[in-house]
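Breakdown of the fold
Next come the chains, spelled out residue by residue.
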Amino acid sequence: MTGKKLTRRKFVADTGKIGLGVMIVPRHVLGGPGFQAPSDTINFAVVGFGGMGSENALELAKTENLVAFADVDFGYSEKQVADKLKDNDKKDRPEGITLKQKFDKAARYSDFRVMLDKQKDIDGVVIATPDHLHAVVAKSAMQIGKHVYVQKPLTYSVHEARVLRDLALSNPKIVTQMGNQGHSSDGARLVNEWIQAGMIGPVREVHVWTNRPVVYWPQGVPLPTGAPPAPAPPSPFGNPYSFRYVNQLLASALGSFPVPPGLHWDLYVGPVAEDVPYHPIYHPFNWRGWINFGVGALGDMGAHLIDHPFWALGLTYPTSIEATSTQWGTVPVPPNPSAAAGTRENRGYNKPVSYPVATAVHYQFPARGAQPPVKLNWYDGGLYPPRPDLLPDDVTLKSEGGVIFIGEKGILMNDTYGSNPRLFPISLTEDAALVPKTFARIPWSHEMNWVKAIKGETKASSPLEYAAQLTETMLLGIVALRTGQGRKILYDGANMRVTNIEEANQYLTRDYRAGWAV
């Protein structure tokens, strides 16, 4: 942390030199109400300021010192800060004004690597880039001893989750936190207390759903080409407008665009091994639907939804995963005559480039001591779980998502971020009110929990030791999905390996551009 802490011995010695009439008073009194000494202030930096990075900085800047940020698009970052100056009623927003003042003074970098090399006064780094850069930045920061707050999902791949977890475990002085803020909520703690008190009995089945990506960002769309559309192919059905041909027309209609001034596209692409031409469909925000940059709805909301059953039920690595979905967005790969006969390369194929609009993933978890095995089911893109028999007809499953634990004695539901936990049948509620609070509540924001952990005042709520295993579970759904419909993968968590389908193991990691590997 910045500044040199004044020891009590030196303070007393120095005051003795001034004279016996000096009265020693606490530091906060000397500074006035609300004063925070520089030595108690964290110097933080942000990598990826334009989205959640600015939201995290808004909270941290209330008490801590923003010294630097790295972003590939300063214009977008500036707009995000400007948007926070007023509230919804167009009134001045004090915390937004504070952020703007600190943002304007902070050092700016286009390349996070340059920032980490030159900016020596950083204590902690907030990482809020697109998913494909999370592990690259976090590893670089942790290797030089910086505390890290990493937005969800923690990493892009299972391999990266293991790397960061091992790095955190080998450097216990580094305080880490994943940005799944619901993990710090009172509701999440109540879910844990009710489950562990046996309010609904043993749980063997859980359903989790979200409406993402519907209305939020595009998925299931083809790669933009900007090339003239191909001529209509012959059709045995008399109509050439097949699903494939319609997608070719859409890919062409999306056009091609030059890189806008001020956007460092090469740094945006970062570790992606293949060349990705700029297109405004990716940046900002929509990157999460594209395989090169994000991990779809599971990456966006899994850490907010799967988190609660994973934590409350004490789940470990799943033993099997299977997934099904609607159509992927693709790009046609032409036949390669030199490829082996009979292979898809020889025939030509459609390469997936954007995640399907809707997905269902089914995880099997083993028994844990006296607790039975659990089947956890994930639904996104507007798909909903089946309604449990105990759920009253007038209870609506919220479109934005939620969780249903199905126990032998009843069901427990919660909304996104662990909020609004409730029990059915309603008769369970009276007994639930008597369950003691065995999980300490966190009276600060998730970001401030991280800061206070850095200062030694508490422990991080969602450290990498926990968050990495949760992230790995989420991403195994993507591995199953990419392995193929109608197939189940069997997973050996101890050895990080799919045991029954060898080709599936390629999806546990990714190819990296030279110099960017994790």
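Residues numbered from 1 in each chain as written. Predicted model: local features only at pLDDT ≥ 70, side-chain atom pairs only at ≥ 80, totals over all residues. Heavy atoms only, no water.

A few words on the side chain of His283. Checked against the element boundaries, His283 lands in the loop between helix H11 (265-269) and helix H12 (296-305). Judged by its relative accessible area of 13%, His283 falls in the buried class. Side-chain polar atoms of His283 contact the side chain of Asp73, separated by 2.8 Å. Non-local contacts of His283, meaning those with residues more than four positions away in its chain, are made with Asp73, Tyr76, Leu263 and Tyr268. (Helix = DSSP H or I, 4+ residues; strand = E, 2+ residues; numbered from the N terminus. Buried < 20%, exposed > 50% of the residue type's maximum accessible area, 1.4 Å probe, protein only. Polar contact = N/O pair within 3.5 Å; in protein donor to acceptor, adjacent residues only side chain to side chain. Contact = heavy atoms within 4.5 Å.)

Pairing is parallel across the open sheet formed by six strands, whose spatial order is E3-E2-E1-E4-E5-E6. The sheet is open, and its two borders are formed by strand E3 (107-109) and strand E6 (176-178), each paired with just one other strand. Sheet twist, expressed as the mean angle between neighbouring strand axes with direction ignored, is 20°. Strand direction decides the pairing type here: strand E1 (residues 43-47) and strand E4 (residues 124-127), joined by four bridges, are parallel. Considered in E4, the bridge of Val46 is made with Val126. The strands that helix H5 (residues 94-105) touches are strand E2 (65-70) and E3; relative to E2, the one it contacts most, it runs at about 60°. (Pairing = 2+ DSSP bridges. Axes fitted to C-alpha atoms, helices over the stretch in contact; angles between N-to-C directions.)

On to the nonpolar core. In terms of nonpolar packing, the biggest core is built from 92 residues, with Met115, Ile195, Val206, Ile306, Trp378 and Phe405 touching the most fellow members. Broken down by element, the residue count for this core peaks at 12 residues, all from helix H17 (residues 464-483). Leave out the neighbours within four places in its chain, and Val206 touches Pro309, Leu313, Val374, Lys375, Leu376, Asn377, Val403, Ile404 and Phe405. Membership of the second largest hydrophobic core comes to 23 residues, among which are Ala61, Phe69, Ala106 and Val126. (Core = buried A, V, L, I, M, F, W, Y, C linked by side-chain atoms within 4.5 Å.)

Moving on to helix H16 (residues 446-454). The element H16 is extensively covered by neighbouring structure, given that nine of its nine residues are classed as buried. Those residues of H16 that sit buried are His446, Glu447, Met448, Asn449, Trp450, Val451, Lys452, Ala453 and Ile454. In this fold, the buried residues of H16 make contact with helix H3 (52-60), E4, strand E5 (147-150) and E6. Count one or two residues on from H16 and you reach Gly456, which has phi positive near 80°.

Once that is clear, we can look at the sheet that holds strand E11 (residues 359-365). Taken in spatial order, the nine strands line up as E15-E14-E13-E7-E12-E11-E8-E16-E17 in an open sheet, and their pairing is mixed. The sheet is open, and its two borders are formed by strand E15 (422-424) and strand E17 (497-498), each paired with just one other strand. H12 rests against strand E7 (203-209), E11, strand E12 (374-379) and strand E13 (402-407) of the sheet, and its axis sits at about 130° to E12.

Attention now goes to the packing of aromatic side chains. Taken as a whole and assessed by the stated rule, the structure comprises 22 aromatic pairs. Ring geometry for Phe49 versus Phe103: centroids 5.0 Å apart, planes at 50°, classification tilted. In this pair, Phe49 sits in the loop between E1 and H3 while Phe103 sits in helix H5, placing the two residues 54 residues apart along the sequence. For the pair shown, Phe49 and Phe103 are each scored as buried. Centroid distance Trp265 to Phe293: 6.1 Å. Interplanar angle 75°. Geometry classified as edge-to-face. One end of the pair, Trp265, is in helix H11; the other, Phe293, is in the loop between H11 and H12, with 28 residues separating them in the sequence. By relative accessible area, Phe293 is classed as buried at 0%. In this structure an aromatic cluster arises from ring pairing among Trp265, Tyr268, Tyr278, Tyr282, Trp290 and Phe293. The ring centre of Tyr156 lies 3.9 Å from the NZ or CZ of Arg510, which sits over that ring. (Phe/Tyr/Trp six-rings, centres within 6.5 Å; stacked < 30°, edge-to-face > 60°. Lys NZ or Arg CZ within 6 Å of the ring centre and 35° of its normal.)

Such coordinate-based values are descriptive only and should not be taken to indicate function.
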